[in-house]
Amino acid sequence: MSNFNLCIIIISNIFLTNGESLVKGSTELKTSDIDILRQLINQETLFRIALTKDIVKLQENLESKQVQSTKEDRVCSKNIKVMEEGTLFNLAKMIEENGSNKTEGMSNGNGTSLVDMLAKLSNGITVLLNHLENYENTSISFNMMQNQSEGNQNFEDVKMFSTMLLKRLEILGNITVSMEEKLDSMHNDIAALRTKSYSLDEKFRDCEGILNSDGNLKNRDGVYQIYPDLVTPKAVFCDMTTRGGGWTVIQKRSDGSTYFQEDWEGYKSGFGNPYKEYWLGNHAIHHITSNTNQVLRIDLEKFTGSTVYAIYSIFSISSESDKYRLSISGYSGNAGDMMIKPHNLNGMSFTTRDRDNDMNVLSNCAVVNSNGWWYNQCAYSGLNGIYRSSNVKAYNGLFWGIDFENMKTTRMMIRSRA
């Protein structure tokens, strides 16, 4: 049997067996859909193995008989690559891993959301359809095919169910977006309810005020609701454990799931998910730090597994009209002082990709470092850069130090000075 014929038959079996279940019935993500995706894991594996073996055999025949039919090999090889990239396998695996933990959001270990995975799957099937069109529109003599009519029927079956699956994926994608929006709303509601559980009347400016109002919240880290300007509610992660607790976390990085290359307005208002990664917002940070004298604590985890910290006994930022100017001093800790030395960031304005407020006349440091941050002649600290998955030396990453060592996780948090 030819490589082409086996390629079509196996792909057909995958979609003929599972395609109708994916496109019929409710538009909700049901257990049956997940079961089908589990089945596709095994079928997709067999598909790759069978095609790989067949290509090896065909290549051996070509070498011995010098048959010129390489185009067939190239297209089927591309189809293997489409499946090898893990579209079906990764989607099923991700749903399997996240099915019992919906409150954490649908994402894989690398921070890829279900929406992104569905998009990749749709793209993979679209590529497959394009390959099938190339097969059908190319005049190739398939001398090794046992049954030409069977091959033509398989063409139509694969195309039909691939198209139907794409429609189903579009529905699943819309459902997933809605699910993620509802989860975010639920998280905010939980934070609000948690806040109301300890006070029905008073609005707290920071996490320290919340802890002082109810000592039972000590060691209960989580997302709470605060009012930095005593008007606008803000969901924030509170560290109620470290050194007595009461820390308001203004920045948190852990997996690269949040886009940090925001503009001025983004950094002003804040962005991200306090359950995962986020920036509280310069507007909120200004109101908290202008009300009482604040201490800044920065916790860093390296890819080597070690953890270090830096504490600054004086920390505040001015208002937007003063470009959120930084006031910082009084370093202690074991991470090394990268906010004052070697670049002195005390007195520096906040800079973003669209607001160049640094002291560097040659370039915008926020663009060079991919960081919304306080800059002098740039800096040797930048915790809002592009997240890296390994300890690379990159000046536009999540770095701390003169060698631009990238961090695995970071946390910036503040509370009043004792």
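One structure accompanies this document, and this report is about it. (Residues numbered from 1 in each chain as written. Predicted model: local features only at pLDDT ≥ 70, side-chain atom pairs only at ≥ 80, totals over all residues. Heavy atoms only, no water.)

## Some thoughts on the packing of aromatic side chains
Then, in step 1: Tallied over the entire structure, the rule returns 15 aromatic pairs.
Then, in step 2: Summarising the aromatic geometry, the rings of W279 and F350 are spaced 6.1 Å apart at their centres and angled 35° between planes, so their arrangement reads as tilted. Note that W279 is positioned in strand β5 (residues 278-279) and F350 in strand β9 (residues 350-351), a separation of 71 residues in sequence.
Then, in step 3: By relative accessible area, W279 is classed as buried at 1%.
Then, in step 4: Seen in terms of ring centroids, F399 and F404 are 5.2 Å apart; in terms of plane orientation they differ by 70°. Their pairing is edge-to-face.
Then, in step 5: Take F399: its relative accessible area is 0%, and that puts it in the buried class.
Then, in step 6: F404 gets classed as partly exposed once you look at its relative accessible area, which sits at 22%.
Then, in step 7: Through a chain of ring-to-ring contacts, the aromatic side chains of F260, W264, Y267, F271, W279, F315, Y324, F350, W373 and W374 assemble into a single cluster.
Then, in step 8: Directly above the aromatic system of F260 lies the positively charged group of R253, at a separation of 3.9 Å from the ring centroid.
Then, in step 9: Lying across the ring of Y309, R297 places its NZ or CZ 4.8 Å from the centre. (Phe/Tyr/Trp six-rings, centres within 6.5 Å; stacked < 30°, edge-to-face > 60°. Helix = DSSP H or I, 4+ residues; strand = E, 2+ residues; numbered from the N terminus. Buried < 20%, exposed > 50% of the residue type's maximum accessible area, 1.4 Å probe, protein only. Lys NZ or Arg CZ within 6 Å of the ring centre and 35° of its normal.)

## Notes on the pattern of salt bridges
Then, in step 1: Using the criterion set out here, one finds seven salt bridges in the structure.
Then, in step 2: Of the charged contacts in the structure, one is a salt bridge between K268 and E320, with a shortest N-O distance of 3.0 Å. With K268 in helix α8 (residues 264-269) and E320 in the loop between β7 (307-317) and β8 (326-333), this residue pair connects regions lying 52 residues apart in the sequence.
Then, in step 3: Overall, K268 belongs to the partly exposed group, its relative accessible area being 21%.
Then, in step 4: Residue E320 is classed as partly exposed on the basis of its relative accessible area of 29%.
Then, in step 5: A salt bridge links K393 to D403; its shortest N-O distance comes to 3.5 Å. (Salt bridge = Lys/Arg side-chain N within 4 Å of Asp/Glu carboxyl O.)

## Thoughts on the pairing of β7
It is a general feature of regular strands that their side chains alternate between the two faces of the sheet.
Then, in step 1: Direction of pairing for strand β6 (residues 294-302) relative to β7: antiparallel, over a ladder of seven bridges. The residue of β7 that forms the bridge with R297 is I311.
Then, in step 2: Where β6 folds back onto β7 in an antiparallel hairpin, the turn is made up of four residues, including G305, whose phi is positive at roughly 100°.
Then, in step 3: Sheet analysis places β7 next to β8, joined by seven bridges and oriented antiparallel. Counted as the bridge partner of A310 is G333 from β8. (Pairing = 2+ DSSP bridges.)

## As for the pairing of strand β13 (residues 407-416)
Then, in step 1: Relative to β13, strand β3 (residues 247-253) runs antiparallel, the two sharing five bridges. In the strand pairing of β13, Q251 is matched with M412.
Then, in step 2: Inspection of the sheet shows β6 paired to β13 by nine bridges, in the antiparallel sense. Its bridge partner being in β13, D299 is matched across the sheet by R411.

Honestly, it's all geometry; don't read function into it.
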